[in-house]
Amino acid sequence: MSDEIAAEAADDVAEAAAIATLRYDAIVADSNGDVILHATSDTYLDTITAAHADGFDQLIDLTAVDYLTYAGKRSLPEGIEAGRFELVTALINHQRRERIRIRVQLDGDEPTIATAFDLYPGAEYLEREVYDMFGIVFSDHPDMSRVLMPENWVGHPLRKDYAVGSIPVQFKAASNQR
Amino acid sequence: MTLTDPEHLEQSEAGGLGDNIDGAERVKRRGSDSAVLRLSEAECAEIGNDPNTDADDERVLLNMGPSHPSTHGVLRLMLEMEGETVLRSKPVVGYLHTGMEKQAEQLTYLQGGTNVTRMDYASPLFTELAFSLATEKLLGIEVPERATWIRMLMCELNRMSSHLLFMATNGMDLGAVSMMIYGWREREEVLRFFEKVTGLRMNHNYIRPGGVAADMPDGWEADVEHLLALIPPRLEEYDILMTGQPIWRERLQGVGVLNADEALALSATGPILRSTGYAWDLRRDEPYLAYSAVDFDVIVGSYGDCYDRYAIRLNEIRESMRIVEQILDKMPAGDYRVQDKKVTPPPRVRIDQSMEALIHHFKIFTEGYKVPEGEAYACVESPRGELGVYLVSDGTSTPYRMHVRGPSFINVQTMPHLMQNGLIADGVAIISSVDPIMGEVDR
């Protein structure tokens, strides 16, 4: 039973990938059965605009990854240069029941990319979270501010060079001679 | 910019309910005509300290929360009010932020479950499930059929307990205080079953990569049947207390209205999206586990108001019971976890017999198992909408990055749009009907 489903899923993915290559100016790849579009920071907005026009009516997720200390070998298609940060945007087409993920490589200490707000206003908080946690700036965003950390916080906690902090615990009965 | 800017006044008078702008366009507004108050703390303080405020301007900035009884924990709303009418608002979140996504990078995949289960504390099994599905996708393993069905049974019971909690808090927020006790009472019955199966009422860490932590206890069928017999008459009582009651309907109908275009544009999922009449349920539309083998209806509303969201959740409890009934009949025999010695610990008896089993047991609990490189996204329909886990593995035994798409976090964005031009008293009904769980919003 599961083999059949897997084969069917593989067919679906291949078909979706073929369609996507034609429609969007992006490199299409497959990751564990999901369709991935690799765009650059310049073509990102064009790619999501094309996807939006193509019926991808909802932005389902937007996040980022900091690949600073990645131990493994990253599998990126030819023509895509690895950057320190990767922005991952997931879109969904409810009519065709398709999902795509758009991955964009970003570099530099304060990378900048266009906001998806004008197409998908639901990106507002997600982009604020990515800014808060990774320091990726979304240009033309209506409210580029921190969302989870306090407004005056310094640093971006989910960056790999941001250390995990700890507060020493003082136990009541513990002796002070140590 | 100050609140008395003439331009600002003009724009916000032009906005609001009277205009005929397409819903998706309305939520895309950026300026002061938007429903969202985009003011920082500093700007807020500046306005407050401005001595040159126009005396005729009756706009007030009001803070509601973070510790307000109706905000379900620590949600804070910054409201721009004119009299009792809410003009613009801004949900301020982060008071419960504990860096769980950062912490996940330090924990092995086996320990990860204890972390994610604390996010959405009203429906912990769903986060565990999404995390396990994403890990299994990377591992490329398939769990035994019985494990799948146990997961489905536990998740549907969890949906019931989560919605029962909503019934309780929604009732209390709107003045039906006795409902608080009733909802809690029924939820406790479900949690009692969870305690029997997982050992804990909440934060179970029961669904783990590779299957579930333990098989169902003896006599679990009788316990589930007891629940299925107990809850339906109680739901009938809710109908008498709330659903058909004129005061209840007056309080909720036509309050906090959203249409399907707006809900889609705002990335809303779950009961909020379905209340607009948009039938989208991952259990039906992108079946995971064994949902294609059970019969159930996707409940949709038609007006997108608070009443629809209440009614959807009430009826989803009934649908979940329908699913649980079918699971009782169809529960297959077999193993409750995959017998892959690299992923799941060996059975206790094997440890005494085999050196290798002992080594595997030791390895799994000390350094954890290695997960192949790659990235994966897995999502489930939680009681609040699409709950997704995005995992990146660099081939070691801890995730390189774990991101949780929390439905509550994204649904919070709909609040300003639901509240605009409504009364502050209705704001309480709206917060309640969005049903955010702050543990998941802030993570």
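Here the structure is shown first, and the text comes after it.
Here goes a summary of the coordinates provided.

Each value, and the rule that gives it
- Residues numbered from 1 in each chain as written.
- Chains lettered and ligands numbered in written order.
- Predicted model: local features only at pLDDT ≥ 70, side-chain atom pairs only at ≥ 80, totals over all residues.
- Heavy atoms only, no water.
- Helix = DSSP H or I, 4+ residues; strand = E, 2+ residues; numbered from the N terminus.
- Buried < 20%, exposed > 50% of the residue type's maximum accessible area, 1.4 Å probe, protein only.
- Polar contact = N/O pair within 3.5 Å; in protein donor to acceptor, adjacent residues only side chain to side chain.
- Pairing = 2+ DSSP bridges.
- Axes fitted to C-alpha atoms, helices over the stretch in contact; angles between N-to-C directions.

Points about the side chain of glutamate 80 of chain B
All names here are of chain B.
Part 1 of the reasoning: On the secondary structure map, glutamate 80 appears in strand 2 (residues 76-82).
Part 2 of the reasoning: On the basis of relative accessible area, glutamate 80 is assigned to the buried category, the value being 0%.
Part 3 of the reasoning: One polar contact links glutamate 80 to arginine 59, side chain to side chain, over a distance of 3.4 Å.

Points about the sheet that holds strand 4 (residues 85-93) of chain A
All names here are of chain A.
Part 1 of the reasoning: On the basis of which strands lie adjacent, the open sheet formed by 5 strands has the order 1-2-5-4-3 and mixed pairing. The sheet is open, and its two borders are formed by strand 1 (27-31) and strand 3 (58-66), each paired with just one other strand. On average, each strand axis in the sheet is tilted by 25° relative to the strand beside it, whichever way the strands run.
Part 2 of the reasoning: Note that strand 4 and strand 5 (residues 98-106) share 9 bridges and pair antiparallel. Bridge pairing in strand 5 links glutamate 86 to glutamine 105.

Focus: unusual backbone geometry
All names here are of chain B.
Part 1 of the reasoning: The backbone of asparagine 205 shows a phi angle near 50°, a positive value even though the residue is not glycine.
Part 2 of the reasoning: For asparagine 205, a relative accessible area of 11% puts it in the buried group.
Part 3 of the reasoning: Positive phi, normally seen in glycine, also occurs at aspartate 435, with a value near 55°.
Part 4 of the reasoning: Position of aspartate 435 relative to the elements: it lies in the loop between helix 19 (424-434) and helix 20 (438-442).
Part 5 of the reasoning: Residue class for aspartate 435 comes out buried when judged on its relative accessible area of 3%.

Structural notes on the sheet that holds strand 7 (residues 385-393) of chain B
Residues and elements named next belong to chain B.
Part 1 of the reasoning: Pairing is antiparallel in the open sheet, where 3 strands are placed in the order 6-7-8. Of all strands in the sheet, those with a lone pairing partner are strand 6 (374-382) and strand 8 (401-405), marking the two edges. Neighbour-to-neighbour, the strand axes of the sheet open up by a mean angle of 10°, direction not taken into account.
Part 2 of the reasoning: Summarising the sheet, strand 7 and strand 8 pair through 5 bridges and their orientation is antiparallel. By the bridge assignment, valine 392 is partnered in strand 8 with arginine 401.

Points about the pairing of strand 4 of chain A
Residues and elements named next belong to chain A.
Part 1 of the reasoning: Counting buried residues in strand 4 gives 9 out of 9 residues, a clear majority hidden from the surface.
Part 2 of the reasoning: With 8 bridges joining them, strand 3 and strand 4 adopt antiparallel strand pairing. In the strand pairing of strand 4, aspartate 66 is matched with phenylalanine 85.
Part 3 of the reasoning: Counted along the chain from strand 4 to the antiparallel partner strand 5, the turn is 4 residues long, and its residue arginine 97 has a positive phi close to 55°.

On their own, these measurements won't tell you what the molecule is for.
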